[in-house]
Amino acid sequence: MQKEDNLKDIISHAKEYGFVFPSSEIYDGLSATYDYGQLGAELKNNIKSYWWKSMVQMHENILGIDSAIFMHPTTWKASGHVDAFNDPLIDNKDSKKRYRADVLIEEHIEKIRSKIDKDVKKGIKRFGDTFDKEQFLATNPNVLRNQAKINDIEQRMRETLGKENLEGVYNLIMDLDISCPISGTKNWTEVRQFNLMFSTELGSVSGDASKIYLRPETAQGIFVNYLNVQKTGRMKIPFGIAQIGKAFRNEIVARQFIFRMREFEQMEMQFFVRPGEEMKWYDYWKEQRIKWHKKLGLGEQNYRFHDHIKLAHYANAAADIEFNFPMGFKELEGIHSRTDFDLKQHEAHSGKKLQYFDPEINENYVPYVVETSIGLDRMFLAVLSSSFKNEDLGDGKTRAVLSIPPALAPYKVAVMPLTKKDGLPEKAREIMNTLKLNHNCAFDEKDSPGKRYRRQDAIGTPYCVMVDHQTMEDETVTIRDRDTMEQDRVKISELANIIDGKVSMTNLLT
Ligand code: ATP
């Protein structure tokens, strides 16, 4: 199956089973806006809980907050978002389609990179076990030529995008012969800057004085509260503040399902450190965050780091954790060393001191900040897309299965009476009533057992418990594993322990 086809299948599966619906669908939807359905909301909550527990619960020196979406407008002047939170846009005059100029260039680089990957694959095929990838990359003339092209483009990106030289960006697009994927022409407009913040008005008076913004990141709510939390939480540096919440960006091109939306959710943590120690913590958080991802078992080969070429106005180092989405490797999380930029700016604009007295070195200073910032919706897509499979069961039979990590699955267990009579439904409910104290459970008594198992596979329920006639005689049930499809007979009294052991989030946190 092609990867892009795979995305279409995932979108329709997500809709069919109540994970994600197009927003306001009865009015034909609103572009790039989605609603999470009954199972989507559960999965989303479980991802949030995994992040919150591993950040806040597992770290004595990280506290969680929940700040407002609206903030004093000067916040965004201070943070640089009013003046510099722009994306360079370019239009194709023939297709009338709008693109992000930097994305067009990055996609061009990706094409060259895939040529290198192809050459590597050919080498592996030809030389088998004796193939030395490092040496091949360092000596093969084709690879060297393509790598030199990439280096050259990246260098020009630094010189143009990095310095807001929009004419230079336009020239680069023309020199690289980049054409519009829709019209196929190179009939481009000039490159312009576009501010991504949504604004609205506070109260009933209109005009500039009452203009406020929908926050484009959750981070600023943390910065302005940093001293409140430090003082009331009696925190010593290094310490962190975490929060999960909505963010809004008027993206030039919002597409690829929930990957890029105009309203989305972020899980961010700002870690306040002593100046000069930020690189140590930057490396530390890069390592911690990739560990968090890999623990889920979505496939180690699906992650890679990407160092930023164009650093944001506040950063002195930045890397993305990219995930192999159905559209290829794309940013899932960012780890940024933000220096003391934000706090210093807030000091300057508010006139309030935001310094910390460090008793260990007897000094006052504005802390440096290392942040980890992950998109909840992108994480949702990473889990959904890597879990979705159409498995061939032989004899022309297939099953759609979501092998979601058990701790994140919407339902942990489905309880089913084999038939609707002989007291089996009542017994099944009795079992479910105990299990539901700890886990989200489904009750399913309609259709044949085979059909019910398929339904639970399709929504990712890790375990199905079947109550049959033997249950009434010896207090045992069968428990079926979603991934192996194997069934074991176990005592009802052991059920809670068995399920806890398999689906508990503790497995991910240790
Ligand atoms: P991109 O380069 O893809 O636009 P970004 O570098 O601007 O992303 P950050 O500002 O670092 O993103 O935001 C942190 C995280 O928030 C990203 O890693 C991503 O997971 C998420 N995110 C950012 N923009 C969106 C969006 N429009 N829709 C969904 N998630 C988003």
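These numbers come from a predicted model, not from an experiment. (Residues numbered from 1 in each chain as written. Predicted model: local features only at pLDDT ≥ 70, side-chain atom pairs only at ≥ 80, totals over all residues. Heavy atoms only, no water.)

Enquirer: Whenever I open this one, the state of the cysteines confuses me. Can you help?
Expert: Linking two cysteines covalently through their sulfur atoms gives a disulfide. In total, this model carries 0 disulfides according to the counting rule given. Here Cys464 is not disulfide-linked; the sulfur of Cys441 is the nearest cysteine sulfur, at 11 Å. (Disulfide = S-S within 2.5 Å.)

Enquirer: Which parts of the structure should I look at to understand the packing of helix H2 (residues 38-57) against helix H13 (residues 376-387)?
Expert: For any two helices packed against each other, the geometry comes down to the angle between their axes and how far apart the axes lie. Look at H2 against H13: their axes get within 10 Å of each other, and the N-to-C directions meet at 110 degrees. Put simply, H2 runs roughly perpendicular to H13. Residues Gly40, Leu43, Lys44, Ile47 and Lys48 of H2 touch H13, and the partners they reach there are Leu376, Asp377, Met379, Phe380, Val383 and Leu384. Here the contact of H2 with H13 is built from residues that sort into 7 nonpolar, 1 polar and 3 charged. (Axes fitted to C-alpha atoms, helices over the stretch in contact; angles between N-to-C directions. Helix = DSSP H or I, 4+ residues; strand = E, 2+ residues; numbered from the N terminus. Parallel < 35°, antiparallel > 145°, perpendicular 65-115°, else oblique. Contact = heavy atoms within 4.5 Å. Nonpolar A, V, L, I, M, F, W, Y, C, P; charged D, E, K, R; others polar.)

Enquirer: Sorry if this is basic, but what is going on with the pattern of salt bridges here?
Expert: Across all of its chains, the model carries 36 salt bridges by this definition. The partner of Arg98 in a salt bridge is Asp91, and the shortest N-O contact between them spans 2.8 Å. Classification of Asp91 by relative accessible area gives buried; the value is 11%. The network of salt bridges with common partners includes Glu110, Arg113, Glu154, Arg304 and Glu322. (Salt bridge = Lys/Arg side-chain N within 4 Å of Asp/Glu carboxyl O. Buried < 20%, exposed > 50% of the residue type's maximum accessible area, 1.4 Å probe, protein only.)

Enquirer: Teacher, can you tell me more about the site of the ligand here?
Expert: The immediate surroundings of the ligand are formed by 16 residues, with Glu251, Arg260, Met261, Glu331 and Leu332 found nearest. Interatomic distance of 2.6 Å between a side-chain N/O atom of Glu331 and an oxygen atom of the ligand. At 3.1 Å from an oxygen atom of the ligand is found a side-chain nitrogen or oxygen belonging to Arg378. Elements with a contribution of two residues or more to the shell around the ligand: strand E10 (263-273), strand E13 (328-339) and strand E16 (368-375). Element by element, the count of residues in the shell around the ligand is highest for E13, at 5 residues. Its residues placed into classes, the shell around the ligand shows 4 nonpolar, 5 polar and 7 charged. (Near = heavy atom within 4 Å. Polar contact = N/O pair within 3.5 Å; in protein donor to acceptor, adjacent residues only side chain to side chain.)

Just geometry here; none of it tells us what the structure is for.
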